Amino acid sequence: ILSACFNYTNLTIARATRRSREVGIRKVIGALRSHVWGQFVIEALVVSLISLLFALLMFALIRPYFLSMQPELTELLDLRLSPVVVLYFVLFALVVGLVAGFVPAWLYARINALQVLKDNKSVKLFRHLNLRKVLLVTQYAISLMFIAATFIGLRQYRHFINFDLGYNT
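Positions within a chain are numbered from 1, following the residues in the order the chain's sequence is written. Per-residue local features are limited, in this predicted model, to residues with pLDDT of at least 70; the limit for side-chain atom pairs, both in listing and counting, is 80 or more; totals at the level of whole chains, interfaces and linings are taken over all residues. Note: side-chain values were computed over all heavy atoms of the structure, leaving out hydrogens and water.

1. Overview of the overall build of the protein chain
Point 1. Helix and strand assignments come from DSSP, with helices taken as H or I runs of at least 4 residues and strands as E runs of at least 2, each series counted from the N terminus. Within the protein chain one finds seven helices and zero strands.
Point 2. Counting helices and strands in the order they occur from the N terminus, the protein chain gives α-α-α-α-α-α-α.
Point 3. We call a residue buried when its accessible area falls under 20% of the maximum for its residue type, exposed when it is over 50%, and partly exposed in between, using a 1.4 Å probe and counting protein chains only. Burial analysis of the protein chain (169 residues in total) assigns 26% to the buried set.
Point 4. If you take every contact in the protein chain between residues at least 6 apart in sequence, the share linking residues at least 24 apart comes to 75%.
Point 5. As displayed, the protein chain offers around 12,700 Å² of accessible surface, 69% of which is attributable to carbon and sulfur atoms. Note on contacts: a residue pair is in contact if any heavy atoms of the two residues lie within 4.5 Å. The accessible surface values rely on the Shrake-Rupley method and a 1.4 Å probe; as for residues, cover is taken only from the protein chains in view.

2. What to know about helix H3 (residues 33–69)
Point 1. An ideal rise of 1.5 Å per residue puts 54 Å on 37 residues; H3 measures up with 53 Å between its terminal C-alpha atoms.
Point 2. Its maximal kink placed at isoleucine 62, H3 deviates by approximately 40°, while the proline proline 64 follows within four residues.
Point 3. The set of residues buried in H3 consists of Val36, Gly38, Gln39, Phe40, Val41, Ala44, Leu45, Ser48, Leu52 and Leu67. Each residue after the first adds 1.5 Å to the expected span of a helix. Two axes enter the definition of the bend at a residue: one is fitted to the seven residues ending there, the other to the seven starting there, and the bend is the angle between them.

3. A short note on the environment of leucine 79
Point 1. As for its placement among the helices and strands, leucine 79 is situated in the loop between helix H4 (73–76) and helix H5 (83–109).
Point 2. Between the C-alpha atoms of leucine 79 and leucine 67, which are 12 residues apart in sequence, the distance is 9.0 Å.
Point 3. Every residue in contact with leucine 79, bar those within four places of it in the chain, is listed here: Phe59, Arg63, Phe66 and Leu67.

4. Points about the nonpolar core
Point 1. By convention a nonpolar core is built from buried Ala, Val, Leu, Ile, Met, Phe, Trp, Tyr and Cys residues, the set being connected through side-chain atoms within 4.5 Å. Listed in full, the eight residues of the largest apolar core are Val23, Val36, Phe40, Val41, Leu45, Ala105, Tyr108 and Ile111.
Point 2. Mapped by element, the contributors of at least two residues to this core are H3 and H5.
Point 3. Of all the elements, H3 adds the most residues to this core, at four residues.

5. Structural notes on the packing of aromatic side chains
Point 1. Note on aromatic contacts: the rings of Phe and Tyr and the six-membered ring of Trp form a pair at centre separations within 6.5 Å, being stacked when their planes are under 30 degrees apart, edge-to-face when over 60 apart, and tilted otherwise. Per the stated rule, a full pass over the model turns up one aromatic pair.
Point 2. When the centroid spacing of 5.3 Å and the interplanar angle of 85° are considered together, the rings of tryptophan 37 and phenylalanine 102 count as edge-to-face. Here tryptophan 37 is found in helix H3, whereas its partner phenylalanine 102 is found in helix H5, with 65 residues between them in sequence.
Point 3. Given the relative accessible area of 31%, tryptophan 37 is considered partly exposed.

6. Here we look at helix H2 (residues 20–29)
Point 1. Along H2, the residues that are buried comprise Ser20, Val23, Gly24 and Lys27. Considered in projection along H2, the buried side chains sweep an arc of 100° and stay on one side of the axis.
Point 2. Backbone geometry just downstream of H2 places glycine 30 in the positive-phi region, at approximately 135°. Of all possible arcs, the one meant is that of the directions from the helix axis to the C-beta atoms.

Pasting the structure below:
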């Protein structure tokens, strides 16, 4: 789930980098930093909550088929949607939406409108690195760490299962 949230945040930021001209025009017309900030955060929150709604609908449709595959699953898993579980999901969607909207909002609220309108190149995060390159490398690094951890865990599990204890168990 952490990887999916990170991916969603990266996609939101990458999509926002294409909107620098729009933000520049809004700032020239008279938009304040708080207006730009609110726009990006609210957009990310709305998308996150709509995604949660679709996920809950898909869960409601798939749950009976999933539980019918193995009757023992009903004893092991409690897949009821209680109000507390739905509240946790809504809070999680709000946190993801805030994180996904915070970085583009912070980035575009502080840009110089005239400079963006004059030179429409991507916003620089560091001297020679733009935001997309930094996010892409970070996302791949985290994905590789998850893949390596999965392979290491699998090898440790296989070693644990097949380890010779010296006697017949």
